[in-house]
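# Summary of structural features
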Amino acid sequence: MTGVNRPGPDLAIDSVEAAVYTVPTDAPEADGTLAWDSTTLILVRARSADTVGLGYTYGAAATARVVDQELSHVVTGRCAWDVPAANEAMTRAVRNAGRPGLVAGAISAVDIALWDLKARLLELPLTRLFGVSTKDVPLYGSGGFTTYDDQQQDRQLRAWVEAQGIPRVKIKIGESWGTAEPRDLDRVAKARRSVGGDSELYVDANGAYTRKQATRVAGHLEDHGVTWFEEPVSSDDLGGLAQIRASTAIDVAAGEYGYTLPYFWHMIDAGSVDCLQADATRCGGITVWLRAAALAEAAGLEISGHCAPHVHAHAAAAVPNIRHLEWFHDHVRIETLLFDGALDPAGGIIRPGASGAAGHGLTFRHQAAEPFRVQ
C-alpha cells in the first residue's frame, strides 16, 4: 500500500468533540427491567489535521458534556499514535468525577474514535492495525422484546434464521421484573417453534429474577434447548450468578455493565460466568475491551461483544477466544441509518476489514442524521 503515513511525533490530536442523536424505536421496546421508545447515540469526532476518527456510545445525552468538559482537553495535543496513553490519561483525569456510568461511556466513545483516527491516518482497516485471529466473526440475532406480541416475535426470529441464515437468536424474558413468568416460558416455547430445532436459542433476563426463580426457570429453558442464559439475576450478584451457573447445563453469561477492568476480574474470579460479556462502548473502549478478552482467555473463557456490533467487529476478529457478537436489533437499525459501511450478517458471520476501508469502515451520514440531532 502506498501513501501510508508513518508514525511520527508531528501527528497530534487536534480536537475532540461530541454530538448527540436520539432515534425513536420502530416499535415499543422493553426487557425484564426497563422500557424505552428511543435510543440515544453520542458521537465523538477526533481530528488530526484533515483526518477524522469516529467513535460512539449509547446512553444519556449528558455523556456528551463529559466528553466536552472533562475529556477533550486531556486528549487534545497528545500524539495520535498513543491511544493507550490517552486512555490512561482520561481514566486518571476523572478520578473525582467518578469512573463508572456516564463517564465510562464518554471515555469509551473517545477511545474508539482515537483507534479509528489512528487507523485512518495509517490508511489501514482496524483489523490490519490489530492483526487478526479470525477473519469470520460469528454473531447472533438479538431482540425479542417483551413488548412484542407473538406475531412480531415470530417475524423477527424467522427473518434472522430463514432470510439471513443466522443460526443463533436471543429473546428477552423476565418481563416486569420476573412477575410474568408464565408468559416468559410461553414465549420461549413459541420462539423454539419459530426457529426450529437446529438453531441455537438464547434468552436474556436482564437481572429480573431472584436466585431461586432463575434456577427454576432454567429447568424449563433446558426443556426447550436453550443454551445461553444471560443475566438470570443482577450482574452485581456475582455469587448468585455462580450459584445458578452451578445448577444448570445452560451457559450463564454476564458482564455488559462492566465499567472497569477489575470488575471483569472479580466476575471471572467468582466463577460467575461461562462466557464473559464486555461492551466496548461502556468498559473504556477498545483498549479495555481487548484487555478484558485477555483476562477471559487466561481463565479459559470465551468473550462475547455486547451490542453495538460495528464497534466490536474489528477487535473481535483480533482475539482467539471470541464466541460471538450481538447483532442487536435496535443498534443495528441505528448504525445502518446513521452510517455508511454497515456489515452484512448473512450466514451468521461478519468479515470486518474485508472491504479494505480504513478504520472501522464507517462513514457518518450527516444529512440522514441531522433530523435526530439533539445537541
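For the structure itself, look to the data block above.
In this text the structure is predicted, and so the values were computed from the model without any measurement.

Let's shift gears to the packing of helix 2 (residues 83-93) against helix 11 (residues 285-298). The geometry of helix 2 relative to helix 11 is characterised by a closest axis approach of 9 Å and an angle of 100 degrees between their N-to-C directions. In terms of axis orientation, helix 2 runs roughly perpendicular to helix 11. For the pair helix 2 and helix 11, contact is made by Val 83, Pro 84 and Asn 87 and by Thr 287, Val 288 and Arg 291, respectively. Split by residue class, the contact of helix 2 with helix 11 holds 3 nonpolar, 2 polar and 1 charged.

Per the counting criterion, the structure on display carries 22 salt bridges. Arg 168 serves as the salt-bridge partner of Glu 200, at 3.8 Å between the closest nitrogen and oxygen. Taken together, the residues Glu 200 in strand 6 (residues 200-204) and Arg 168 in strand 5 (residues 168-172) connect sequence positions 32 residues apart. The shortest N-O distance in the salt bridge between Arg 183 and Glu 175 comes to 2.7 Å. For Arg 183, a relative accessible area of 29% puts it in the partly exposed group. Overlapping salt bridges, with partners in common, bring together Lys 170, Lys 172, Asp 204, Glu 230 and Glu 326 in one network.

Under the counting rule described, the total for this entry stands at 13 aromatic pairs. For the pair Tyr 202 and Trp 228, a centre-to-centre distance of 5.2 Å together with 25 degrees between the ring planes defines the contact as stacked. Of the two residues, Tyr 202 sits in strand 6 while Trp 228 sits in strand 7 (residues 226-230), which places them 26 residues apart along the sequence. An angle of 70 degrees between the planes, with centres 6.5 Å apart, marks the rings of Tyr 209 and Phe 229 as edge-to-face. Highlighted residues: Tyr 209 in the loop between strand 6 and helix 8 (211-223) and Phe 229 in strand 7, separated in sequence by 20 residues. For the pair formed by Tyr 209 and Phe 229, the shared burial category is buried. Taken together, Tyr 21, Tyr 56, Tyr 58, Phe 339 and Phe 364 form an aromatic cluster joined through their ring pairs.

Turning next to the nonpolar core. Val 110, Ile 173, Leu 221, Phe 229, Trp 289 and Phe 339 are the most contacted members of the largest nonpolar core, which totals 108 residues. Element by element, the count of residues in this core is highest for helix 3 (residues 102-121), at 12 residues. With residues up to four places along the chain from it excluded, the contact list for Val 110 reads Val 16, Val 44, Val 67, Leu 71, Val 75 and Met 90.

Further remarks concern helix 9 (residues 238-247). Listed in full, the buried residues belonging to helix 9 are Leu 238, Gly 240, Leu 241, Ala 242 and Ile 244. Structurally, helix 9 contributes buried residues whose contacts are with helix 8, strand 8 (251-254) and helix 10 (261-269).

Relative to the helices and strands, Val 74 is located in helix 1 (residues 63-75). Residue classification places Val 74 among the buried residues on the basis of a relative accessible area of 16%. Those residues in contact with Val 74, other than ones at most four positions away along the chain, are Ala 89, Met 90 and Ala 93.

We now examine the environment of Ala 294. Looking at the secondary structure, you find Ala 294 in helix 11. On the basis of relative accessible area, Ala 294 is assigned to the partly exposed category, the value being 42%.

Okay, unusual backbone geometry next. Unusually for a residue other than glycine, Trp 177 sits at a positive phi of about 55 degrees. Counting through the fold element by element, Trp 177 comes out in helix 6 (residues 175-178).

Before going further, it helps to examine the sheet that holds strand 3 (residues 51-58). The sheet built from 3 strands is open, its strands ordered 1-2-3 with antiparallel pairing. Looking at strand neighbours, the two that pair on one side only are strand 1 (15-30) and strand 3, the edges of this open sheet. Between one strand axis and the next, the sheet turns by 20 degrees as a mean value, whatever way the strands run. Relative to strand 3, strand 2 (residues 35-48) is paired through 8 bridges, and the arrangement is antiparallel. Its bridge partner being in strand 3, Arg 45 is matched across the sheet by Leu 54.

The subject of this paragraph is helix 2. Within helix 2, the full set of buried residues consists of Val 83, Ala 86, Asn 87, Ala 89 and Met 90. Viewed end-on, helix 2 has its buried residues packed into an arc of 165 degrees, placing them on one side of the element. At its buried positions, helix 2 is contacted by helix 1, helix 3 and helix 11.

Cut-offs used in this document
- Each chain has its residues counted from 1, following the order in which its sequence is written.
- Predicted model: local features are reported for residues with pLDDT of at least 70 only, side-chain atom pairs are reported and counted for 80 or more only, and whole-chain, interface and lining totals are derived from all residues.
- Values reported for side chains reflect all heavy atoms of the structure, with hydrogen atoms and water molecules removed beforehand.
- Where helices are involved, their axes are fitted lines through C-alpha atoms of the stretch in contact, as for all axes, and angles between N-to-C directions lie from 0 to 180°.
- Runs of H or I in DSSP of at least four residues are treated as helices and runs of E of at least two as strands, each being numbered from the N terminus.
- We call two directions roughly parallel when the angle between them is under 35 degrees, roughly antiparallel when it is over 145, roughly perpendicular when it lies between 65 and 115, and oblique otherwise.
- Residue contacts are counted whenever heavy atoms from the two residues lie within 4.5 Å of one another.
- Ten residue types, Ala, Val, Leu, Ile, Met, Phe, Trp, Tyr, Cys and Pro, are classed as nonpolar, four, Asp, Glu, Lys and Arg, as charged, and the remainder, Gly among them, as polar.
- Each reported salt bridge corresponds to a side-chain nitrogen of Lys or Arg within 4 Å of a carboxyl oxygen of Asp or Glu.
- We call a residue buried when its accessible area falls under 20% of the maximum for its residue type, exposed when it is over 50%, and partly exposed in between, using a 1.4 Å probe and counting protein chains only.
- For Phe, Tyr and Trp, rings pair up if their centres lie within 6.5 Å, where Trp contributes its six-membered ring, and each pair is then called stacked (planes under 30 degrees apart), edge-to-face (over 60) or tilted (otherwise).
- We define a nonpolar core as any set of buried Ala, Val, Leu, Ile, Met, Phe, Trp, Tyr and Cys residues linked to one another through side-chain atoms lying within 4.5 Å.
- Pairing between two strands is assigned when DSSP locates at least 2 bridges connecting them.
- The arc in question is the one traced by the directions running from the helix axis out to the C-beta atoms.

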